[in-house]
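Inside the fold
Chain by chain, the residues run as shown.
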Amino acid sequence: MASNTFLTISQITYESAMLLKNSLKLGSRVNRQYDSQFARMGAKIGQTVSIRKPPRFVIRRGATAQFQGITEQFTTLTLAQAGVDLNYTSSDMTLSMDNFRRRYLDPAIATVANDIDQQGMLLYNQIPWMIGTPGVVPNALLTYMQAGAILSEEAAPRDENRSLMLNPLSMATIANANTALFNPQTTIGEQYRSALMSQAAGWMWYEDQNVTTHTVGPLGGTPLVDGAGQTGSSLLTKGWTMAAALRLRRGDAFTIDNVFAVNPQSRLSQGRLRRFVVTADVSSTAGGAATIPIYPALTPPNLDSTPAQFQTVNSSPADSAAITVIGTANTISPQNLGFHRDAITLAVVDMDIPRGAVEVERVSDEDSGISIRIVHYYDGTNDVSGARLDVLYGWSLIYPEICVRIAS
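Below is a summary of the structure that appears in this document. (Residues numbered from 1 in each chain as written. Predicted model: local features only at pLDDT ≥ 70, side-chain atom pairs only at ≥ 80, totals over all residues. Heavy atoms only, no water.)

Focus on the overall build of the protein chain
The following threshold applies: Counting from the N terminus, the helices are the DSSP runs of H or I reaching at least four residues and the strands are the DSSP runs of E reaching at least two. Burial here depends on accessible area, computed with a 1.4 Å probe over protein chains only, as a share of the maximum for the residue type. Under 20% is buried, over 50% is exposed, and the range in between is partly exposed. Should any heavy atoms of two residues lie within 4.5 Å, those residues are counted as being in contact. A 1.4 Å probe and the Shrake-Rupley method give the accessible areas. Residues count as covered only by the protein chains that appear here.
When helices and strands are tallied, the protein chain shows 5 helices and 24 strands. By the burial criterion, 44% of the 408 residues in the protein chain qualify as buried. A separation of at least 24 residues holds for 75% of the contacts in the protein chain among residues at least 6 apart in sequence. If you sum the accessible surface of the protein chain, you get close to 20,100 Å²; carbon and sulfur atoms cover 52% of it.

Dropping the structure here:
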């Protein structure tokens with residue numbers, strides 16, 4: 001049994017201090033449609049579901065049929081279990097544990113909900129689009145409007161389901177910079193009182209203390225593309241410092257000279273260099289070469305210059321095209337997120353009620369909307385009671401292209 005340290009009446013007043021709790025907003029602004037896919041009676045599917053993404057087609061011009069293969073893509077959502085466990089004796093309960101829920105269960109619930117929100121924020125390292133300068137807090141509304149423009153260029157719906165999750169310093173900086181803009185007086189007044197933006201520039205704005213920081217890789221040398229005509233999910237490079245050493249970290253973002261993003265429907269170049277995200281740590285060889293795993297895959301037009309179904313760029317990179325990593329070496333930068341609701345999904349499953357439990361209840365964290373099971377049980381041999389809080393949940397990034405990281 002874990003040891004407990006309780007404060008008795010001689011050490012503490014009847015009232016507890018406030019519960020320190022982060023603002024957990026991510027879970028309430030993402031897609032939750034897959035909650036019901038798990039744990040259905042008579043049709044249980046285990047802990048993983050494959051989420052099918054719609055196929056893409058290219059337009060035919062003229063009367064002659066040009067049949068296209070139907071290629072479906074998918075991503076997976078896998079559940080994981082997490083929780084907090086407490087134990088206590090009958091003596092503890094009798095002498096020390098007045099107001100059990102407020103003093104013990106509520107902080108445990110906050111811990112579980114915070115962990116889920118934090119795990120969701122870690123999805124940043126799968127997102128290729130990144131704007132801003134690592135190490136510099138954005139203070140211009142234009143930065144966030146440019147993030148919205150990227151979502152539009154990637155064909156994300158322009159509706160009220162676009163959300164920004166900012167760390168406190170980023171929120172305070174942009175709210176202060178925009179208190180004098182021509183906006184409804186009630187909106188400006190609320191920004192002044194709360195130091196928070198609410199709805200502006202096509203975004204719903206939220207503060208979340210779980211925004212994750214990223215450290216840019218050590219870099220070194222002058223990286224270049226090694227070989228023309230490359231396609232796929234890895235890129236051969238050269239020109240790194242001639243030593244076997246770590247160069248890029250998972251989550252680093254970079255561009256390639258003259259490799260531009262295209263709209264997923266029209267396949268027209270947007271005039272904006274395509275950002276790629278590094279999907280695993282990368283080290284160079286002693287000769288300064290490195291193979292970088294990337295997302296999205298390099299998918300240029302077909303050889304006859306007609307649009308490809310899953311085209312991502314206007315062309316393959318040229319040999320010796322310059323690679324530009326966003327940020328200077330080893331810079332630490334909070335990764336604020338801007339996204340459309342349907343880019344990210346969270347599934348939280350109501351867990352089964354176990355046999356032998358003295359009492360079972362389900363609670364919902366009011367900020368995140370996350371369902372948590374609490375089981376109370378009793379060991380009569382040792383006169384020990386326990387409470388365990390469990391949640392079964394999973395995150396998945398369905399469309400990384402309609403998310404943007406805003407460096408700070």
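Describing unusual backbone geometry
Between Y295 and the following residue, P296, the backbone shows a cis peptide bond with an omega angle of -5°. Structurally, P296 can be placed in strand β17 (residues 290-298). Within the chain, S305 stands out as a residue other than glycine whose phi angle is a positive 75°. Along the chain, S305 falls in the loop between β17 and β18 (323-325). Of the residues examined, S305 reaches a relative accessible area of 62% and is grouped as exposed. In this model, D383 sits at a positive phi of 55°, which is unusual for a non-glycine residue. Structurally, the position occupied by D383 is in the loop between β22 (371-379) and β23 (384-397). Residue D383 is classed as partly exposed on the basis of its relative accessible area, which comes to 31%.

Section: empty space enclosed by the protein
Definition in use: With a 1 Å grid spanning the protein atoms alone, the term cavity applies to any set of points in which a 1.4 Å probe fits but cannot get out, the term pocket to an open set with protein on both sides within 12 Å along at least five of seven lines, and the term lining residue to any residue with an atom within 4 Å of a point. Grid points are joined across faces, edges and corners, and a volume is the space filled by probe spheres set on the points. Three categories are distinguished: nonpolar for Ala, Val, Leu, Ile, Met, Phe, Trp, Tyr, Cys and Pro, charged for Asp, Glu, Lys and Arg, and polar for the others, with Gly belonging to the last.
For the structure shown, the criterion picks out 1 cavity of 30 Å³ or more. Together, M145, G148, A149, R158, R162, A201, G202 and W203 line the largest cavity. Ranked by residue count, the leading element in the lining of the largest cavity is helix α3 (residues 141-153), at 3 residues. Its residues assigned to classes, the lining of the largest cavity shows 4 nonpolar, 2 polar and 2 charged.

Structural notes on the sheet that holds strand β9 (residues 221-225)
Rule in force here: Two strands are said to pair when DSSP picks up at least two bridges between them. Inter-axis angles, ranging from 0 to 180 degrees, are taken between N-to-C directions of lines fitted to C-alpha atoms, where helices are fitted over the stretch in contact.
Strand order in this open sheet of 6 strands is β9-β10-β17-β15-β12-β18, and the pairing throughout is antiparallel. Lying at the two open borders of the sheet, with one neighbouring strand each, are β9 and β18. The average undirected angle you get between the axes of adjacent strands in this sheet is 40°. Two strands pair when backbone bridges link them, and strand β12 (residues 253-256) and β18 are joined in this way by 3 bridges, in the antiparallel orientation. Directly across from F254, in β18, lies its bridge partner V325.

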